[in-house]
Amino acid sequence: VFRAAVIGAGKISEEHLGFLGHSAVARPVAVCDLSPALAQYAVERFGVEQAFTSHREMLERVRPDVVHVLTPPHTHCAIVEDCLSAGAHVIVEKPIAPTNLEFRRLWRSAQRAGVLLLEDHNYKFNDAFLAVRSAVEAGRIGDVEEVDVRVALPIYGGRYADANLPHPSHRLPGGVLHEYLTHMAYMALAFLPRVDRVEAIWSRYHPEALSRFDDLHALVVGGTVHARLRFSARTSPHAVALAVRGSRGWIETDIYHPYVRLVTPRGAGPLSPWLNQLENGYALMRWSVVNLRDKLLYRKTYHGLHRLLQRAYSALAGDGESPVSFEDMDRATSLIDRLVQAQGQPA
Ligand SMILES: NC(=O)c1ccc[n+]([C@@H]2O[C@H](COP(=O)([O-])OP(=O)(O)OC[C@H]3O[C@@H](n4cnc5c(N)ncnc54)[C@H](O)[C@@H]3O)[C@@H](O)[C@H]2O)c1
């Protein structure tokens, strides 16, 4: 059983601590937050053994095997370095680092320390994403030609809009959108063989948005495959949508409101479109039942994160590969660099 510690006891820590609290392979031995109240809350809510307000003191006194770094993005590099120096394996929330260069530095430190380092690419382990991926890999849509990743999230209200307590992610190279670039990058890259060209239009439409940008429309071309990455704060409902189009058909899903729609020739000649509609109509009804069940059972969009953590701990125990490889993180951070480099002046 691995002795696990958590640094940062905010929103996403509930998922990591929820996993650790029920895990047969890990035990939550310590939690650290600058806020003593939040750290103490984690102790009481998730049965963590000790609370700290300094991560260095925690590393020194507890010597955890694994540390989950769940602090705001701009703090990740320094904290991850400290954990690696203490000889701990590190699972860090996205984005692992603001640039590819900084990610590679962390990777070298992890290699030197002989420990695992992985960034959370959770949506890649959600049921809906896995269903799309396995249909594509099974050749159901033929050769992949286009990928469409669309994130629709309002950033004008709530935590990103508080002028008295500005969110730290406003400081990232892509502003608060940077928080979502990792999800967009790893979802698109799962279907892109390589990246040759990147073009991006970054905009700021809302006059009162605190972020430098609130809208992104990017094109990424690798070989003959074209990907579109879109972040919109102005469309509804909230979505993290993915569509993959191929030489024979296409498939789409939405991580937030899961379903899978698959359109292929079906081999029924002129009746194929009708057959597609019939099968997809039936599939949509099935997904509506599954989604209602998930709502009632509080099974959230974070089920992919729990699956990723399970695989990470299995890899640590010598059973299987790390669920997120060096190449996965390297490609995602490089693509994000290129998206950021494509920034002009906000409109
Ligand atoms: N994978 C996902 O789907 C997902 C979802 C939400 C957030 N995240 C990521 O998780 C990270 C945290 O996000 P959040 O929404 O939980 O933020 P949050 O603001 O709710 O929590 C961050 C916590 O870190 C604490 N903190 C900051 N600096 C610290 C330090 N030096 N030592 C100890 N504690 C410190 C803060 O006090 C705060 O309680 C971000 O990188 C974010 O992008 C990922």
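Details of the structure are given in the entry above.
What comes next is a walk through the structure.

Cut-off values and rules
- Residues numbered from 1 in each chain as written.
- Predicted model: local features only at pLDDT ≥ 70, side-chain atom pairs only at ≥ 80, totals over all residues.
- Heavy atoms only, no water.
- Axes fitted to C-alpha atoms, helices over the stretch in contact; angles between N-to-C directions.
- Helix = DSSP H or I, 4+ residues; strand = E, 2+ residues; numbered from the N terminus.
- Parallel < 35°, antiparallel > 145°, perpendicular 65-115°, else oblique.
- Contact = heavy atoms within 4.5 Å.
- Nonpolar A, V, L, I, M, F, W, Y, C, P; charged D, E, K, R; others polar.
- Pairing = 2+ DSSP bridges.
- Core = buried A, V, L, I, M, F, W, Y, C linked by side-chain atoms within 4.5 Å.
- Buried < 20%, exposed > 50% of the residue type's maximum accessible area, 1.4 Å probe, protein only.

**Quick notes on the packing of helix α4 (residues 76–85) against helix α5 (residues 100–113)**
A pair of packed helices is characterised by two quantities: the angle between their axes and the separation of those axes.
Thought 1: The interhelical angle for the contact between α4 and α5, taken along N-to-C directions, is 10 degrees, at an axis separation of 10 Å. On the basis of their axis angle, the class for α4 and α5 is roughly parallel. Touching Cys-77, Val-80, Glu-81 and Leu-84 of α4 are Glu-102, Arg-105, Leu-106, Ser-109, Ala-110 and Ala-113, all from α5.
Thought 2: When the residues that make up the contact of α4 with α5 are grouped by side-chain class, the tally is six nonpolar, one polar and three charged.

**Some points on the sheet that holds strand β10 (residues 225–232)**
Thought 1: Taken together, seven strands build an open sheet; the order of strands is β8-β9-β10-β7-β11-β12-β13 and the sheet is mixed. The open sheet has two edge strands, β8 (197–203) and β13 (260–263), and neither has a second partner. Ignoring strand direction, the axes of neighbouring strands in this sheet form an average angle of 10 degrees.
Thought 2: Looking at chain direction, strand β11 (residues 239–246) and strand β12 (residues 250–254) are connected through five bridges and run antiparallel. The residue bridging Ala-243 from the neighbouring strand is Glu-252, located in β12.
Thought 3: Across the sheet, helix α6 (residues 127–137) lies against β7 (144–152), β11, β12 and β13, angled at about 170 degrees from β12, the strand it touches most.

**Concerning the nonpolar core**
Thought 1: Leu-117 and Tyr-313 are the most contacted members of the largest nonpolar core, which has 57 residues in total.
Thought 2: With six residues, helix α9 (residues 303–316) is the single largest residue contributor to this core.
Thought 3: When neighbours within four sequence positions are excluded, Leu-117 is seen to be in contact with Val-80, Val-90, Val-92, Ile-96, Leu-106, Trp-107, Ala-110 and Met-329.
Thought 4: Ranked by size, the runner-up nonpolar core spans 51 residues in total, among them Tyr-160, Ala-200, Ala-233 and Ala-332.

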